[in-house]
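Read off the chains here:
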Amino acid sequence: MGAHRKGPVRAGRAGQAVRVDAGVPAPGGRDRYFDTLRALALVRVVAYHAFGWPWAGLVFPSMGVMFGLAGTLMARSLQRPAAAVVRSRLRRLLPPFWCWGLFVVGAMLVRGWMPGWRIVYWVVPLGDPPGSAWGEQAWEILWYLRTYLWFVLLSPLLLRVFRLAPVPVLLLSLAPIVAFQFVWQPPENRFGTGLLDLATYLFCWVLGFAHRDGVLALLKPAAVVVLSLAALACGAWYAFAHRAEYGTYDLDDIPLAQAFWSAGFVTLLMYSKARLRVDFSGLVRLRRLDRLVSVFNARAVTVYLWHELALVLAVPLIDRCWDVPAFEAYLPLGSQWFLLAVGWVLIAGFVLLFGWVEDVAARRRPRLLP
């Protein structure tokens with residue numbers, strides 16, 4: 001990226017913030033390290049939904065990474081008036097969501113779905129949008145948009161509280177998920193599910209604040225590494241120790257394990273950037289790979305929204321291929337890897353057809369590919 005802002009936040013007297021230089025990139029350019037992490041997160045999400053690997057979250061906790069990166073960007077944006085930032089985030093998120101929703105809601109209505117008043121969540125997903133069982137595989141991913149939207153709305157207050165006592169607030173951001181696990185369990189409804197998701201990824205979002213304000217760069221490596229490894233160990237232990245209770249060790253099904261594993265993993269990723277200045281600027285020499293990373297970041301919402309629909313449509317498409325003798329003989333039609341490959345082809349098609357909506361939402365000139 002280009003120019004640098006004047007530095008991170010250090011706690012001063014009366015809770016005031018003192019800025020020091022941490023070399024944090026300003027809005028004028030792109031950070032290839034974070035761009036690459038976001039692209040990897042999207043690839044992992046698609047692969048997980050194609051294969052259902054329970055260990056995928058342990059290898060790379062995509063949602064924790066995405067919330068951490070989003071928290072960093074939100075803290076950067078909140079240098080501007082909060083109302084303007086929230087409006088901008090809504091404007092960028094909602095049009096791609098509406099475009100996708102027209103197809104999903106339309107298909108469910110054609111299949112006989114009768115919506116109630118909660119269909120308003122298909123306008124602004126402050127709660128989980130309702131849907132039919134037939135379309136569940138397409139709309140079940142919307143928890144991420146709902147959680148992201150609530151973090152955006154809460155960020156002006158969260159950032160103010162964080163800057164009063166950065167390190168204590170960061171550490172205490174794991175307290176809600178612990179309380180929900182051992183003290184009070186949220187109700188099993190839209191409200192309870194929303195609270196649980198917010199608590200699961202609160203640390204990662206606040207960690208984004210810590211990175212942006214330079215707090216991570218001021219912490220000693222030994223403390224960060226020890227605490228991160230402890231969080232990873234806690235998350236892994238809880239997942240495997242309660243495997244019988246949950247029927248799996250998949251972190252997506254175990255909020256407490258997800259919260260601690262993501263906390264440790266994302267902390268190490270962001271600390272590497274903040275303290276060690278890990279940078280993927282050399283990626284520009286690999287033009288095709290660099291171009292792919294750019295496309296993923298410019299079309300991240302489109303890829304996320306349409307990927308499940310692409311995987312769903314890949315199944316009947318492959319089924320038709322069995323009727324062609326040459327395809328049956330020479331293509332691995334029964335392989336999940338082939339399903340994934342067809343899914344990516346369809347995702348690319350959706351990006352070409354609907355990715356321009358992200359340009360319109362961001363008030364850029366619409367393009368087939370960025």
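Everything quoted here is computed from the prediction, not taken from an experiment. (Residues numbered from 1 in each chain as written. Predicted model: local features only at pLDDT ≥ 70, side-chain atom pairs only at ≥ 80, totals over all residues. Heavy atoms only, no water.)

Chemist: Break down the packing of aromatic side chains for me, citing the residues and quoting the values.
Modeler: For the coordinates displayed, the defined rule picks out 32 aromatic pairs. With a centroid separation of 6.3 Å and 25° between ring planes, the pair formed by phenylalanine 350 and phenylalanine 354 is classed as stacked. Pair noted here: phenylalanine 350 and phenylalanine 354 are both in helix H17 (residues 336-354), with a separation of 4 residues, about one helical turn. The residues phenylalanine 350 and phenylalanine 354 share a single accessibility class, namely buried. (Phe/Tyr/Trp six-rings, centres within 6.5 Å; stacked < 30°, edge-to-face > 60°. Helix = DSSP H or I, 4+ residues; strand = E, 2+ residues; numbered from the N terminus. Buried < 20%, exposed > 50% of the residue type's maximum accessible area, 1.4 Å probe, protein only.)

Chemist: Quick rundown of the nonpolar core? Include the residues and the values.
Modeler: Grouped together as the largest cluster of nonpolar side chains are 97 residues, with contacts concentrated most on Phe67, Trp100, Trp122 and Trp205. Take this core: its biggest share by element is 12 residues, from helix H13 (residues 255-276). (Core = buried A, V, L, I, M, F, W, Y, C linked by side-chain atoms within 4.5 Å.)

Chemist: Break down the packing of helix H3 (residues 62-77) against H13 for me, citing the residues and quoting the values.
Modeler: With their axes 9 Å apart at the nearest point, H3 and H13 run at an angle of 50° to one another. As the angle between them shows, H3 and H13 are arranged oblique. The crossing of H3 and H13 is right-handed. On H13, the residues touching Gly64, Val65, Gly68, Leu69 and Thr72 of H3 are Ser262, Val266, Leu269 and Met270. (Axes fitted to C-alpha atoms, helices over the stretch in contact; angles between N-to-C directions. Parallel < 35°, antiparallel > 145°, perpendicular 65-115°, else oblique. Left-handed = near helix turned anticlockwise from the far one by under 90°. Contact = heavy atoms within 4.5 Å.)

Chemist: For the environment of leucine 207, give the residues involved together with the corresponding values.
Modeler: Within the element layout of this structure, leucine 207 appears in helix H9 (residues 190-212). Sequence separation of leucine 207 and threonine 147 is 60 residues, and the distance between their C-alpha atoms is 16 Å. If sequence neighbours within four positions are ignored, leucine 207 has contacts with Leu170, Leu216, Val266, Thr267 and Met270.

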